[in-house]
Every structure is written in structure tokens, then in C-alpha cells.
Amino acid sequence: MNELNDASRVLVERYLASLPESERQHRHVVADYFCADQESADTCAALVAAGRKRATCSLAYWYREKGERMPEPRDLLVVTDWLGEPKALVETLSVRECRYCEVGADFAALEGEGYGSLSWWQAAHRDFFSQEMASQGREFDENMLLVLETFRVVALP
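Below is a short write-up of the structure. Keep in mind the model is a prediction, meaning the values are calculated, not measured. (Residues numbered from 1 in each chain as written. Predicted model: local features only at pLDDT ≥ 70, side-chain atom pairs only at ≥ 80, totals over all residues. Heavy atoms only, no water.)

Things to note about the state of the cysteines
Part 1: Evaluated as defined, the whole model comprises zero disulfides.
Part 2: The thiol sulfur of C44 is not disulfide-bonded, and the nearest other cysteine sulfur, from C35, lies at 3.6 Å.
Part 3: Since its relative accessible area comes to 2%, C44 is described here as buried.
Part 4: The thiol of C98 is not disulfide-bonded; the next cysteine sulfur, from C101, is found 7.6 Å away. (Disulfide = S-S within 2.5 Å. Buried < 20%, exposed > 50% of the residue type's maximum accessible area, 1.4 Å probe, protein only.)

Some remarks on the pattern of salt bridges
Part 1: What the rule picks out here adds up to 12 salt bridges.
Part 2: Shared partners join several salt bridges into a network, and the residues in it are R27, E91 and R152. (Salt bridge = Lys/Arg side-chain N within 4 Å of Asp/Glu carboxyl O.)

Side note on the environment of R152
Part 1: Examined against the element boundaries, R152 turns out to sit in strand β5 (residues 145-155).
Part 2: Its relative accessible area of 40% is what places R152 among the partly exposed residues.
Part 3: Residues in contact with R152, not counting those within four places in the same chain, are Y15, L89, V90, E91 and L93.
Part 4: Among the polar contacts made by the side chain of R152, one reaches the side chain of E91 at a distance of 2.9 Å. (Helix = DSSP H or I, 4+ residues; strand = E, 2+ residues; numbered from the N terminus. Contact = heavy atoms within 4.5 Å. Polar contact = N/O pair within 3.5 Å; in protein donor to acceptor, adjacent residues only side chain to side chain.)

A short note on the pairing of strand β3 (residues 76-80)
For a regular strand, side chains alternate in direction, first toward one face of the sheet and then toward the other.
Part 1: Summarising burial for β3: five of the five residues are buried, a large majority.
Part 2: Of the two faces of β3, the one holding L76, V78 and T80 and the one holding L77 and V79 are both buried throughout.
Part 3: The pairing of strand β1 (residues 29-32) with β3 spans four bridges and is parallel. Residue pairing in the sheet places V29 in a bridge with L76 of β3.
Part 4: Both β3 and strand β4 (residues 86-99) contribute to a ladder of five bridges, which runs antiparallel. (Pairing = 2+ DSSP bridges.)

Okay, here's the thing in C-alpha cells:
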């Protein structure tokens, strides 16, 4: 996760200022991009800004074994491109755990990538998670737990 740069900070402050005082409190805010390469990160950021990508997922491994903070509803994420430029501010709506093999077509469509189909989602995420697990000396497993998040765009730069 990246620190907020000036452009990201302005986006967050503008959004928070639009809320009633009681809703500005206790918001976890970070900036980051999706995926692990520039082309995918930039594509995902554009999909989020266009309202087509409304969900993401990650390995539960990072939270359970590596101590990363588990996302929570109401968290704010400045979605950036690969170079750290903000493309959208999103608010987390829901977070749940699910096995890779149990992810359904509805969630694949919410992710908004590729063709929006479950078969595309499965192939792309199998490749991605296989590489991620290999980097940790582990193997991909269809029963591995994922953290599924849904979100909504609340502000654009």
C-alpha cells in the first residue's frame, strides 16, 4: 500500500468534506493499485473509474499469515494507476471470505475484467494466484481462501 500523495490527499479530503461530520470519523484510507503489472493496474484503474469494476479479491493468506490489515466496510481506497496517480476513490461495501472454487459468476461479473465471465475470471485468477503463491514457496489450491470485496466509486479526481 502506498502513502497518499498530494493528488490522492486532495481527492480524499474533498470527499470527506462532503460528508456529515459524523461520517468522516474512523475511516481507514490507503492508496494502491490493483494487480502486479503496469498494463493490468492501469486497465483496472480505468475500469474502476468507468464504474465497470466494482469488486476485487485477494488471498486470505496475506491477512491470516502475513499480518496485513483485513479490509472492512467503509474503508476508503484511492485507486491509482501503476505510477501512483489517483483515478478514483472507492468505499468498501462488503468483505467476505470464499474458497476460490466457490466464487460464482455474479462476483466475476462485479470484478469487471476481461469478458466478465466466470471462466475468464477463473483462468486469470488461477494464473495470478499461482504466481503469488509460488513467490511464497507455496502452490495454488482450488480450496484456498480468498477475501472478496465489493466497493463503490465515491469520488473521481
